[in-house]
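Given next are the chains, with one letter for each unit.
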Amino acid sequence: MRRVKQLVHAHNVYRKGFTGKGVCAVILDTGAYPHKDLRKQIRGFKDFTTDKRECYDDNGHGTHVAGIFCANGSLQGVAPGARVIVLKVLDRNGNGNTKRVLEALDWVEKNKAIYQIRILNFSVGFLPGADDEDQKLILDKLERLWDDNVVVVAAAGNNGPREGTVTVPGISRKIITVGASDDTGQGRNMPHGYSGRGPTGCCIVKPEITAPGTNILSLDHRGNYYVKKSGTSMATPVVCGALALALQKKPSLRPEELKLDLYLSARRQEKSAAAWGILDVDNLIDLI
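Rules used throughout
Residues numbered from 1 in each chain as written. Predicted model: local features only at pLDDT ≥ 70, side-chain atom pairs only at ≥ 80, totals over all residues. Heavy atoms only, no water. Pairing = 2+ DSSP bridges. Helix = DSSP H or I, 4+ residues; strand = E, 2+ residues; numbered from the N terminus. Buried < 20%, exposed > 50% of the residue type's maximum accessible area, 1.4 Å probe, protein only. Contact = heavy atoms within 4.5 Å. Patch = residues over 30% accessible without salt bridge, like charges linked within 9 Å, V, L, I, M, F, W, Y side chains within 5 Å. Areas by Shrake-Rupley, 256 points an atom, 1.4 Å probe, with all protein chains shown as cover. Salt bridge = Lys/Arg side-chain N within 4 Å of Asp/Glu carboxyl O. Polar contact = N/O pair within 3.5 Å; in protein donor to acceptor, adjacent residues only side chain to side chain.

> Got a sec to walk through the pairing of strand 9 (residues 226-229)? Specific residues and values, please.
Of the strand pairs in this sheet, strand 8 (residues 216-219) and strand 9 are connected by four bridges, and their pairing is antiparallel. If you follow Leu-217 over to strand 9, its bridge partner there is Lys-228.

Given below as structure tokens:
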């Protein structure tokens, strides 16, 4: 995570006292293991796969994502002062269905005021060829949450490098879509240029922002250990963490304002021409 923070220029933000304190995010994923670096940050857990009450993760993807966002121990996430609610919608193989996801999003809609939910991390993407009606149902629900003051952040998917490979729901014109800035093929089982690329069918630039996603060290679900994973799923909580820092500084910011601030503060590079640029945390916080 130190490498990640260096790459996204998160140098001064912590010295200024910003940690994401007071900000609550929801992570829809495979669950979360109550790792020693995470358990105090978990504010709630709900299982939409088997209805278990105890917080768990039988895959590891969700634990890794949550650690990047808000781990607070030997490993420090991007927003170590933030809290997280974990909604398990994917099974041990990382598979899910529309019904589970919609139930989880309904739960967010009903409980966002109670838990003061400001961010939704959606590192879950539809496979190519998924039913069009299912895709529309998810997109409509996420865009409604966005309009209702929840910042929705989705992964671009790992089907690049061809154009038009951003997965649903990352194609939404409203929500923030995140690609991997370092998709050079150095990650395990990840080819060069794996990060999904736009434009969308409506000619919208996607992803809007990129962040490191390759060989990211975060929390393991098999005990109090650490493991490296790669993908745009790992880049997404990096951006969510930066947004939590921003919301700590200025809680009144609406999703569309945060999206504009990401655009204005992004670090432009030639290799990121398909997006606005690479996340720059210090620039973002200074701009707000």
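> Give a description of the side chain of Lys-259 that names residues and reports values.
Following the sequence through the fold, Lys-259 ends up in helix 6 (residues 255-265). Classification of Lys-259 by relative accessible area gives buried; the value is 12%. When neighbours within four sequence positions are excluded, Lys-259 is seen to be in contact with Trp-146, Arg-173, Lys-174, Ile-175, Ile-176, Glu-208 and Trp-276.

> Please set out a nonpolar patch on the surface residue by residue, giving values where relevant.
Residues Leu-260, Tyr-263, Leu-264 and Leu-287 make up a contiguous nonpolar surface patch of roughly 370 Å² in combined accessible area. Broken down by element, the residue count for the nonpolar patch peaks at three residues, all from helix 6. For Leu-287, a relative accessible area of 40% corresponds to the partly exposed category.

> Describe the environment of Ala-66, listing the residues and the values that go with them.
Take Ala-66: it is sitting in helix 2 (residues 61-70). Residue Ala-66 is classed as buried on the basis of its relative accessible area, which comes to 0%. Placed 162 residues apart in sequence, Ala-66 and Lys-228 show a C-alpha to C-alpha distance of 13 Å. For Ala-66, the residues in contact, after removing those within four places along its chain, are Ile-27, Leu-38 and Ala-71.

> How would you summarise the pattern of salt bridges if you had to cite specific residues and measurements?
One pass over the full model with this rule turns up 17 salt bridges. Across the pair Arg-197 and Asp-183 runs a salt bridge, and its minimum N-O distance is 3.2 Å. Of the two residues, Arg-197 sits in the loop between strand 6 (176-180) and strand 7 (209-211) while Asp-183 sits in the loop between strand 6 and strand 7, which places them 14 residues apart along the sequence. The partly exposed category is assigned to Arg-197, whose relative accessible area is 24%. Take Asp-183: its relative accessible area is 7%, and that puts it in the buried class. When the shortest N-O distance is used, the salt bridge between Arg-222 and Asp-220 registers 3.2 Å. One continuous salt-bridge network, built from bridges that share partners, spans Asp-106, Glu-109, Lys-141 and Arg-144.

> Please set out the side chain of Lys-88 residue by residue, giving values where relevant.
As for its position among the elements, Lys-88 is in strand 3 (residues 83-88). By relative accessible area, Lys-88 is classed as buried at 0%. From its side chain, Lys-88 meets the backbone oxygen of Thr-30 in a polar contact 2.7 Å long. Those residues within four positions of Lys-88 in sequence are excluded, and the remaining contacts are Asp-29, Thr-30, Gly-31, Phe-45, Lys-46, Asp-47, Phe-48, Thr-49, Tyr-56 and Asp-58.

> Describe the environment of Gly-277, listing the residues and the values that go with them.
Mapped onto the secondary structure, Gly-277 falls in strand 10 (residues 277-278). What makes Gly-277 buried here is its relative accessible area of 0%. Residues Gly-277 and Pro-207 lie 70 residues apart in sequence; the distance between their C-alpha atoms is 9.4 Å.

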